Amino acid sequence: MPISPSEQGGRAAVVCGLGAWLPPRAVSNDELATRIDTSDAWIRSRTGIRTRHFVSPGMPTSRLATEAGARALESAGLDSVDAVVLATTTPDRPCPATAPLVAHELGLTGRPAFDVSAVCTGFLYAVATAAGLIASGAADHILVIGADAFSTIVDPEERSTAVVFGDGAGAVVLRAGGTGEPGAVGRVELGADGSLTDLITVRAGGSATRSTDVPPSRADAHFSMAGQEVFFHAVTRMAGASRTAIADAGWRTDEVDRLVGHQANARILHAVGERLDIPRDRIVIHLDRVGNTAAASIPLALAHAQSTGELRPGDRVVLSAFGGGATWGATALTWPVLKTT
């Protein structure tokens, strides 16, 4: 379903701030190999990941989100916004949402704040939601955060998932502006297919299991993913949504300067690039340093690419993701001048 907030009332959501934060604890492939039947070579060959960051005991998702949000506000030169939207699959608690606490920690008590749950597509769903609020006139500035602590929900002994995920948070500030401005968020192409619910899931913990008398198994209590099927659907949906976003922006694929996809797996990103005829040197790769950080992966990759000069003002950028649900999405924008924090 296309969501085109910039066409409603002539207001567009424009990226004006960017921030990111990783927990201090870095975990290498070699460290994981001391407790899991794996190796640095095995992990790198299958995922492209060499290290990731894990939260320390007592460090919840709200801490990650608050740190990234503060940096995005500083980048935007703001100390206040009209709303906070947090994309996460690992909230501090099942109830209430985590965003109100994050807003409070940022000195934004009283502002509307809520969570969005679309797993690894969560950041794009949150951006689309915030852009709609701006387009309607309900807000002029919104802080959008993607934050996840997947190390708290994967089975630390399960090789297929424990080596893939990392923790972190990234955020952008969106402001009301014009559709032709650098940083204006283009049409956001979103989709979902509930028949694929079991591809990416944590089966226990919700009403489906709590409404029964059967205690959950260890496997059901942790995150699981059907890797080969996820690969196929991720490549297909990310490429399709990206192609639509590129066309909506009025670009040709050879005019795309940077593809910033959800950082799940290097092979997925390269396969998406191949389907779009986007060369590998135009694909932003950040997962080798941080792993799959779920809803945080796109803003973390953006922050890294900007800090290294890989992403420059005026670049034509496509953002694309696939996540549990199944969900997917993509959008396009011309990269603005931003303050680096």
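Since we're looking at a predicted model, the values are computed, not measured.

1. Quick look at helix α12 (residues 297-308)
The terminal C-alpha atoms of α12, which comprises 12 residues, lie 16 Å apart, in line with the 16 Å expected from a rise of 1.5 Å per residue. Among the 12 residues in α12, 10 count as buried, and that is most of the element. Along α12, the positions that sit buried rather than exposed are S297, I298, P299, L300, A301, L302, A303, H304, A305 and Q306. Elements that come into contact with the buried residues of α12 comprise β2 (12-21), α5 (122-136), β8 (167-177), β12 (258-261), α11 (287-290) and β13 (316-323).

2. So, the packing of helix α9 (residues 227-248) against helix α10 (residues 266-276)
Where α9 meets α10, the axes come as close as 9 Å, and the angle between the chain directions of the two elements is 45°. Here α10 runs oblique to α9, going by the angle between their axes. Considering only the axes of α9 and α10, their crossing is right-handed. Seen from α9, the contacting residues are F231, A234, V235, T236, M238, A239, S242 and R243; seen from α10, they are R267, I268, L269, A271, V272, R275 and L276. Counted by class, the contact of α9 with α10 contains 10 nonpolar, two polar and three charged residues.

3. Considering the pattern of salt bridges
Proximity of charged atoms lets side chains of opposite charge pair with each other. Within the structure shown, the criterion is met by 15 salt bridges. Among the ionic contacts, a cluster of salt bridges with common partners joins R252, D254, E255 and R316.

4. Here's the deal with the environment of P60
Relative to the helices and strands, P60 is located in the loop between β4 (51-54) and α3 (61-76). What makes P60 partly exposed here is its relative accessible area of 31%. A sequence separation of 92 residues divides P60 from T152, and the C-alpha atoms of the two residues are 9.1 Å apart.

5. Focus: the sheet that holds strand β7 (residues 141-149)
Taken in spatial order, the five strands line up as β2-β8-β7-β5-β6 in an open sheet, and their pairing is mixed. Every other strand in the sheet has two partners, leaving β2 and β6 (113-116) as the edge strands with one partner each. Taking each pair of neighbouring strands and ignoring which way they run, the sheet shows an average axis angle of 20°. Bridge count for β7 against β8 is nine bridges, and the pairing is antiparallel.

6. Brief notes about the nonpolar core
With 46 residues, the main nonpolar core has F150, V272 and F322 as its most contacted residues. Only α9, α10, β13 and β14 (327-334) provide two or more residues apiece to this core. Considering every element that reaches this core, the biggest residue donor is α9, with eight residues. Core analysis: the next-biggest nonpolar cluster, separate from the first, contains 40 residues, V116, V144, A301 and A303 among them.

7. So, the confidence of the model for the protein
Averaged over all residues, the pLDDT of the protein equals 95, while 97% of them reach at least 70. Predicted confidence is poor over residues 3-9, with pLDDT under 50, and the contacts of this stretch with residues over four places away or in other chains come to 15 contacts.

8. A short note on α3
End to end, α3 covers 23 Å across 16 residues, agreeing with the expected 22 Å (1.5 Å per residue, within 8%). Taken residue by residue, α3 has T61, S62, L64, A65, T66, E67, A68, G69, A72, L73 and S75 as its buried positions. In this structure, the buried side of α3 is in contact with β2, β5 (83-87), α4 (99-105), β7 and β8. Two residues or fewer after α3 comes G77, characterised by a positive phi angle close to 70°.

About the thresholds
- Residues numbered from 1 in each chain as written.
- Predicted model: local features only at pLDDT ≥ 70, side-chain atom pairs only at ≥ 80, totals over all residues.
- Heavy atoms only, no water.
- Helix = DSSP H or I, 4+ residues; strand = E, 2+ residues; numbered from the N terminus.
- Expected span 1.5 Å × (residues − 1).
- Buried < 20%, exposed > 50% of the residue type's maximum accessible area, 1.4 Å probe, protein only.
- Contact = heavy atoms within 4.5 Å.
- Axes fitted to C-alpha atoms, helices over the stretch in contact; angles between N-to-C directions.
- Parallel < 35°, antiparallel > 145°, perpendicular 65-115°, else oblique.
- Left-handed = near helix turned anticlockwise from the far one by under 90°.
- Nonpolar A, V, L, I, M, F, W, Y, C, P; charged D, E, K, R; others polar.
- Salt bridge = Lys/Arg side-chain N within 4 Å of Asp/Glu carboxyl O.
- Pairing = 2+ DSSP bridges.
- Core = buried A, V, L, I, M, F, W, Y, C linked by side-chain atoms within 4.5 Å.
- pLDDT = per-residue confidence, 0-100.

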